[in-house]
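Spelled out, the chains give:
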Amino acid sequence: MMEQVLVFPEHEAAGLLFAAEKPFSLDDSQIEWLCEASGEIRLPLCEYIGIVLNQNVNVRREVLKKLDPSSIQLVYFYNPFELVFDELIEDLFELDRSALSSDANDEDCELLSAIHGLRGVNLTQSKISSVGLDFVSELRSLESLSVSFTNTSDEDIPTIVRLRDLRELDLSLTMITDNGLAELQNLPRLQDLALTATCITDDGIDAILKIPQLRYLDISDTAITDDGLALLQASLSTCQIHF
């Protein structure tokens, strides 16, 4: 079996490594936890290897400066997978919840922008601003981006849509409104869109309908009405809608 060798700092684990079936899945049933990212690691060749970064700022920035996108394709500053906190996983890894919560900021995004070839980035609960998103928009190969629970607003959407290959975009718990949705039609490959707990209303439905390739849409905890939901379901018949 062909292997790849990854080298990380030895003094403290850089995070947790995982293998994923596809770059834009946040479903923990489709990932396999591999090992802590520490020292020299030999792994079988896999199409998508990701890392949930340790939030020790010095450790993670050391990793970002040296990360090779041919080895690591998915970078998460926040752990989106509940599975890692099961007792079984806690027995396997020493890192705890606090080590995997996000305090990423614009400086991290600047380092990230130099890692061309990444396929997925999760910035949930980070402290990024429009400046950080501008850096992220340089990663033109991205297929998955989460900026949920950040201060991302309508003014940031034109920056995000520079990422023309995006298939999954999570804008949950951001400051996005109906006015910001119109730009999303400029993402021709967008399939999964999460707008959970945003200020979206029925007035934004026309903009959503201009993304006919959607396969998954989360509009839970928004102001969209039952009538609005019915219109979406009738018009996007192949889209799974979470309401």
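Residue numbers restart at each chain and count upward from 1, following the sequence in its written direction. Note on the predicted model: pLDDT of at least 70 is required for a residue's local features to be given, and 80 or more for side-chain atom pairs to be given and counted; whole-chain, interface and lining totals, by contrast, use all residues. The side-chain quantities take in all heavy atoms of the structure and omit both hydrogens and water.

Trainee: Describe the pattern of salt bridges, listing the residues and the values that go with them.
Mentor: When their charged atoms lie close together, side chains carrying opposite charge are able to pair. The salt bridge definition used is simple: a Lys or Arg side-chain nitrogen within 4 Å of an Asp or Glu carboxyl oxygen. Taken as a whole and judged by the stated rule, the model has ten salt bridges. Notably, a salt bridge pairs arginine 167 with glutamate 143, separated by 3.8 Å at the nearest N-O pair. Of the two residues, arginine 167 is situated in the loop between α5 (157-160) and β9 (168-170) and glutamate 143 in the loop between α4 (130-136) and β8 (144-146); the sequence distance between them amounts to 24 residues. Residue classification places glutamate 143 among the buried positions, given a relative accessible area of 7%. The structure contains a network of salt bridges with shared partners spanning Arg60, Arg61, Glu107 and Asp108. A helix here means a DSSP run of H or I that spans at least four residues, while a strand means a run of E at least two residues long, and both kinds are numbered starting from the N terminus. Accessible area is worked out with a 1.4 Å probe on protein chains only. A residue is then buried under 20% of its type maximum, exposed over 50%, and partly exposed in between.

Trainee: So, the confidence of the model for the protein chain: which residues are in play, and what are the values?
Mentor: Within the protein chain, residue pLDDT values average 88, and 87% of them lie at 70 or more. Every residue carries a pLDDT, the predictor's confidence in it, which falls somewhere between 0 and 100. Taken element by element, the protein chain is modelled with least confidence in helix α2 (residues 87-92), mean pLDDT 50, and with most confidence in α5, mean pLDDT 98.

Trainee: Could you give me a rundown of the side chain of aspartate 170, with the residues and numbers involved?
Mentor: Tracing the sequence through the fold places aspartate 170 in strand β9. Given a relative accessible area of 15%, aspartate 170 falls into the buried group. We call two N or O atoms a polar contact when they sit within 3.5 Å, provided that within protein one can donate a hydrogen and the other can accept it, with sequence-adjacent residues counted only if both atoms are side-chain atoms. Within the structure, aspartate 170 has its side chain in polar contact with the side chain of serine 172 (distance 2.7 Å). Here a residue-residue contact requires only that any non-hydrogen atoms of the pair lie within 4.5 Å. Setting aside chain neighbours within four positions, we find aspartate 170 in contact with Leu145, Ser146, Val147, Ser148 and Ala194.

Trainee: Tell me about helix α8 (residues 226-235), and please be specific about residues and values.
Mentor: An α-helical turn contains 3.6 residues, so a residue and the one three or four places further along point in the same direction. All buried positions along α8 are accounted for by Gly228, Leu229 and Leu232. Take α8 and look down its axis: the buried residues cluster within an arc of 100°, on one side only. Looking at α8, the residues exposed on the side facing more than 90 degrees away from the buried face are Asp226, Asp227 and Ala234. The inward-facing, buried residues of α8 abut α7 (205-209), β11 (216-218) and β12 (240-242). Throughout, the arc means that of the directions going from the helix axis to the C-beta atoms.

Trainee: Outline the environment of asparagine 58, supporting the account with residue identities and numerical values.
Mentor: Mapping asparagine 58 onto the fold places it in helix α1 (residues 57-66). A residue is classified by how much of its surface remains accessible, and asparagine 58, at 61% relative accessible area, is exposed.

Trainee: Can you tell me about the packing of aromatic side chains, naming the residues and giving the values?
Mentor: Pairing of aromatic rings covers Phe, Tyr and the six-membered ring of Trp, with a centre-to-centre limit of 6.5 Å; geometry is then stacked below 30 degrees between planes, edge-to-face above 60, and tilted otherwise. A complete count under the given rule lists two aromatic pairs for this structure. Judged by centre distance (5.7 Å) and plane angle (65°), the rings of phenylalanine 18 and tryptophan 33 are edge-to-face. Taken together, the residues phenylalanine 18 in strand β2 (residues 15-20) and tryptophan 33 in strand β3 (residues 31-36) connect sequence positions 15 residues apart. A relative accessible area of 0% means that phenylalanine 18 is categorised as buried. Here the aromatic rings of phenylalanine 18 and tyrosine 76 are separated by 5.5 Å at their centres, their planes lie at 40°, and the arrangement is tilted. Of this pair, phenylalanine 18 sits in strand β2 while tyrosine 76 is found in strand β6 (residues 74-76), placing the two residues 58 residues apart along the sequence. Across this residue pair, the class does not change: phenylalanine 18 and tyrosine 76 are buried. By the ring-pair criterion, three or more aromatic residues cluster together here, those being Phe18, Trp33 and Tyr76.

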